[in-house]
Amino acid sequence: MIIRRFFQILLILVCSNFHLIAQAKVLLIEDEVDGLQIKLDMIRHAQHEVSIAYYAIYEDESGYRVLAAAVEAARRGVVVRIMVESLASKLSKPLLEYLCRENISVQFFNKFYWKKFYRNIHSLHDKLLIVDDQYYLTGGRNITNNYDSNLYPSKKKFTDIEILVEGESVDQATKYFEHLWNVPFASFLNDNKSRRNQSKIEKIKIKFDSIIQHDLRNDLRRWTDLSVIVAKASFIRDYYDQFPRTRFVTNKMMSLIYEANHTIKAESPYSAPPRLMRRALRSASQKGTKIRIVSNAAFVTDVLVAAAVFDLDRKKYLKWNIRTYEYEGPKTLHSKAMVIDDYISVIGTYNLDNLSYRFNSETITVIEDKAFAAKVSRILDERILLSKPVFTVDNPKSTRNLNWKQKINYAFLKKTSIFSRPFL
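Residues numbered from 1 in each chain as written. Predicted model: local features only at pLDDT ≥ 70, side-chain atom pairs only at ≥ 80, totals over all residues. Heavy atoms only, no water.

Chemist: Even after reading the chapter, I still don't get the pattern of salt bridges, so can you show me in this structure?
Modeler: Charged atoms that come close allow side chains of opposite charge to pair. This structure, assessed with the given rule, holds 25 salt bridges. Here Arg-75 makes a salt bridge to Glu-102, at a shortest N to O gap of 2.9 Å. Placement of the pair is Arg-75 in helix H3 (residues 61-75) and Glu-102 in the loop between helix H4 (93-101) and strand E4 (105-108), with a sequence separation of 27 residues. Among the residues examined, Arg-75 registers a relative accessible area of 41% and is labelled partly exposed. On the accessibility criterion, Glu-102 (12% relative accessible area) is buried. Salt-bridge contacts for Arg-81 lead to Glu-178; the nearest nitrogen and oxygen are separated by 2.4 Å. Here Glu-178 lies in helix H5 (residues 169-181) and Arg-81 lies in strand E3 (residues 79-84), a separation of 97 residues in the sequence. (Salt bridge = Lys/Arg side-chain N within 4 Å of Asp/Glu carboxyl O. Helix = DSSP H or I, 4+ residues; strand = E, 2+ residues; numbered from the N terminus. Buried < 20%, exposed > 50% of the residue type's maximum accessible area, 1.4 Å probe, protein only.)

If you want it as structure tokens, here you go:
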């Protein structure tokens, strides 16, 4: 009897420990300096594989540091694969050739061809770093100085958030990257080698060797120990091996809006939701859900036409009792986040616009946990303090702080938004 009771207790302990292991762990990354350092530490501690899929990687300080870490990992025998959006990333041919010579596989998701221009309807909008099928990092930040303006000089300054995730959802992220790597829109670069860029490649090698030697190194446990266990984390993605692509991400976003019972707090740098998403927002508001949307003011945004469309939607939001705010800086809002009913958090690359709705490759992580949702809500609430409410009859002028040329351009964009909206 005693032995039987002992094994029952042992079985309970084993099952409970397995449950803890199976649960997801998530770290919310608000600080941009931490965001860059975590990327570097993840790559440097990789043992088997590093997978990088980003909309924009620039040839600047931030880009050099991440790519140098990738080179160091490749020299250790780690399999490194990088996929970038060709129309957004700024990487020179010598740098791309150097990466290939360091046994790093590089692909363009969407290299432009005049004869096959229809392929460019799709764009890789992901921001995804996966290491050893154990961790992935995602959010709104690209790998450029624009997202690390506290560290390096940049023309644009964005504020954003990211998450570091451990758990079962990492396997879904890994499968998604494998799918991206093999879609027909990808262009393999490793065969494009020449001797014309030899001197430039040597200079890049010297620069990267210096970065590898002097860059700060941290134990990855410094960050993973800060992660918190959440009830559930799901990685949602689409398939892009055909046109039009699937809409799993869009359908998840729509269902979350429709199923919200109490509150929706959303922020999107480009808020121009298509008709069906506006209908979902209206439906949720009509059943009593309190909805709040934050997007960039015209004088802060980096896409003026998006602010013009957001301005046009003001009357509809006011009629539907949806509270809207225009973020006024000091930086440009770039995070894509949502908190629903103070329990579900959505963080990823999905904007409330037609490009995310229909065309771009997008991913979101849906986290179900009240304590984590409170952390995200705190950030969203802090953004409200830097925003101007535009849900009253006495709205502030949308053209405030614009010069006369910008005002003319803004007026033109509002008048022609019926043509531009489908491409936002």
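Structure shown, so let's carry the discussion forward.
Chemist: Hey, could you run me through the side chain of Asn-296 in this one?
Modeler: Residue placement: Asn-296 occurs in strand E13 (residues 290-296). A polar side-chain atom of Asn-296 sits 2.9 Å from the main-chain carbonyl oxygen of Leu-333. Once residues within four sequence positions are removed from consideration, Asn-296 is found in contact with Ser-268, Pro-269, Thr-301, Ala-307, Tyr-327, Thr-332 and Leu-333. (Polar contact = N/O pair within 3.5 Å; in protein donor to acceptor, adjacent residues only side chain to side chain. Contact = heavy atoms within 4.5 Å.)

Chemist: Just to check I follow, could you spell out a positive patch on the surface for this structure?
Modeler: A cluster of basic side chains, namely Arg-275, Arg-279, Arg-282, Lys-319 and Arg-358, defines a positive patch on the protein surface. Examining the composition of the positive patch, we find that three residues originate from one element, helix H9 (residues 275-286), more than from any other. Within the element layout of this structure, Arg-279 appears in helix H9. (Patch = residues over 30% accessible without salt bridge, like charges linked within 9 Å, V, L, I, M, F, W, Y side chains within 5 Å. Areas by Shrake-Rupley, 256 points an atom, 1.4 Å probe, with all protein chains shown as cover. Lys, Arg positive; Asp, Glu negative; His and termini not counted. Charge placed at Lys NZ, Arg CZ, Asp CG, Glu CD.)

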